[in-house]
Amino acid sequence: MSGRKPRSVANPLESAITTPSERILRECHSLYVDSENGLVKIASSLGVRLLPPRKKIIVMIMGNHSAGKSSFINWYVEQHIQKTGVAIETQGFTFITSGRKRESLTGNATLHLYPHFRPILEFKGVMDYLSAEISTSKQKKFSLVTFVDTPGLVDGDMIYPFDVNSAITWLGEQADLIFVFFDPMGQALCKRTLNIVEKLSDKCGDKLLFYLSKADEAGKETDRQAVMMQIVQELCRRPGLNKCGFEMPTIYIPNPQKPSRCVNQIDSVCQTIEKTINQAVQKTLDQLEKDSDLICSTISNQLEQDRANVAFNRSVRLHSVLCGALGIFLPFLFILSFIVSTFSKEQLHDLIGEGPTQTVTVFTGIVMYLWEWIPEDKQVVFVISFGAFCYLLLFLAKYFAGRRNKTLTKKEKRKMMEYMDYIHDIVKIKKAKLYEWYLQQCASDQDL
């Protein structure tokens with residue numbers, strides 16, 4: 001494994017059509033999911049669970065119905081993908097992502113494309129309201145973004161076919177960014193929207209960003225300020241949302257045919273997405289290093305534990321052999337002593353020779369001497385006790401033999417060392433090169 005060469009970061013054609021950030025995320029992802037040397041596979045063989053990094057950030061957009069969520073996605077992608085209108089056009093969750101071919105996916109296919117979102121099936125009825133739209137657009141940073149368009153939220157008697165509040169909250173926890181669009185045309189204070197926002201603020205408030213969408217339709221500047229004041233006042237009434245540093249930029253879809261004097265901060269939304277992408281690249285590279293260190297430390301710990309197990313097994317094996325040998329030798333010597341006592345020295349000399357005769361005579365003589373010390377009325381008790389003691393020795397021999405810990409085979413230890421070499425010689429070197437390449441995109445040559 002250590003002799004394999006790392007794959008190149010990108011081929012010339014790929015470099016021409018992808019951004020540096022996209023190629024870095026893709027390379028990091030490939031280091032995890034490679035079928036032969038992937039970090040996920042290596043970690044799994046060591047009993048460690050790793051998750052491969054995402055190749056794209058997740059941006060969830062929520063708000064009341066007709067708040068401009070789908071319109072914003074269409075503007076960002078520069079394709080008409082999502083339906084727009086005053087009616088509730090988006091009734092489920094739609095994932096909008098960049099791909100090789102324009103395609104629409106249903107619920108089951110969507111979860112195959114995004115398996116890490118499969119736990120959403122715990123919300124009964126949501127499966128039929130999941131879909132994905134794959135676009136070939138490469139506009140802005142869309143190749144590194146997956147948008148999640150959520151159902152339009154309304155109050156009153158509107159009945160959703162699933163627990164929309166819990167589903168949106170769960171998806172928000174998985175997302176990297178959560179955009180909350182407030183519509184100035186009467187539905188900005190939708191209680192359902194505010195309830196969900198309050199829950200998300202408690203769990204992942206750092207992801208939440210608020211925008212006054214369709215700001216050009218709010219009338220005059222005084223009307224716009226009045227709407228924003230109403231929204232801010234409503235938000236501040238809720239303890240979970242009453243935070244300092246609250247911002248709510250005004251955004252709207254630019255239309256050359258309908259010029260507006262309203263300040264449009266929609267470009268700041270794009271900058272926020274780009275900043276999050278850059279942070280995702282840094283986090284992915286940092287996580288790659290942490291996971292590499294985790295694998296190396298796990299291998300070191302397992303090898304150290306194996307050495308301890310080998311020493312322990314050697315000790316219990318010695319105990320087992322000693323107990324087993326005594327459990328067999330003592331009764332054998334006891335029985336042999338009585339058998340030998342029936343022969344004379346001349347008969348033993350003729351049977352086994354002079355040297356063995358002397359040895360046997362010494363041992364059996366000791367046994368018979370001790371036997372004579374035992375009173376006759378206690379000899380039966382002694383024999384029973386002696387038999388129980390020998391049985392205990394054999395039991396201890398079996399007990400010690402069963403206490404041996406499992407140790408690594410030579411093949412397993414060799415494989416672990418190959419993994420260690422692969423991490424040091426391939427993964428960490430590639431990580432350093434990717435980090436250097438990433439910094440070259442923003443830092444000057446004097447800083448590198």
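Residues numbered from 1 in each chain as written. Predicted model: local features only at pLDDT ≥ 70, side-chain atom pairs only at ≥ 80, totals over all residues. Heavy atoms only, no water.

**A word on the sheet that holds strand β3 (residues 103-105)**
Spatial ordering of the open sheet is given by β3-β4-β2-β5-β1-β6-β7, a layout of seven strands whose pairing is mixed. At either margin of the open sheet sits one strand with a lone partner, and together these are β3 and β7 (208-212). With direction set aside, neighbouring strand axes in the sheet form an average angle of 20°. The sheet strands contacting helix α4 (residues 69-77) are β1 (57-63), β2 (93-98), β4 (130-135), β5 (145-149) and β6 (177-182), and the helix crosses β5 at an angle near 160°. Relative to β1, helix α7 (residues 191-204) is tilted by about 145°, and along the sheet it contacts β1, β6 and β7. (Pairing = 2+ DSSP bridges. Helix = DSSP H or I, 4+ residues; strand = E, 2+ residues; numbered from the N terminus. Axes fitted to C-alpha atoms, helices over the stretch in contact; angles between N-to-C directions. Contact = heavy atoms within 4.5 Å.)

**Here's the deal with the packing of helix α2 (residues 20-33) against helix α13 (residues 410-440)**
Remark: α2 packs on α13, axes separated minimally by 10 Å, with the N-to-C direction vectors making an angle of 170°. It follows from the interaxial angle that α2 and α13 lie roughly antiparallel. Note that α2 runs across α13; the crossing there is left-handed. Listed contacts from α13 to Pro-20, Arg-23, Ile-24, Glu-27, Cys-28 and Leu-31 of α2 are Tyr-422, Lys-430, Leu-434, Trp-437 and Tyr-438. Within the contact of α2 with α13, the residues separate by chemical class into eight nonpolar, no polar and three charged. (Parallel < 35°, antiparallel > 145°, perpendicular 65-115°, else oblique. Left-handed = near helix turned anticlockwise from the far one by under 90°. Nonpolar A, V, L, I, M, F, W, Y, C, P; charged D, E, K, R; others polar.)

**What about the pattern of salt bridges?**
In this structure the tally under the stated criterion is nine salt bridges. For the salt bridge of Lys-428 with Asp-293, the shortest nitrogen-to-oxygen distance reads 2.6 Å. In this pair, Lys-428 sits in helix α13 while Asp-293 sits in helix α9 (residues 266-340), placing the two residues 135 residues apart along the sequence. The partly exposed category is assigned to Lys-428, whose relative accessible area is 28%. The residue Lys-413 makes a salt bridge to Asp-306 at a minimum N-O spacing of 3.9 Å. Residue Lys-413 is located in helix α13, and its partner Asp-306 is located in helix α9; the two are separated by 107 residues in the primary sequence. (Salt bridge = Lys/Arg side-chain N within 4 Å of Asp/Glu carboxyl O. Buried < 20%, exposed > 50% of the residue type's maximum accessible area, 1.4 Å probe, protein only.)

Limitation: the analysis is restricted to geometry and does not speak to function.
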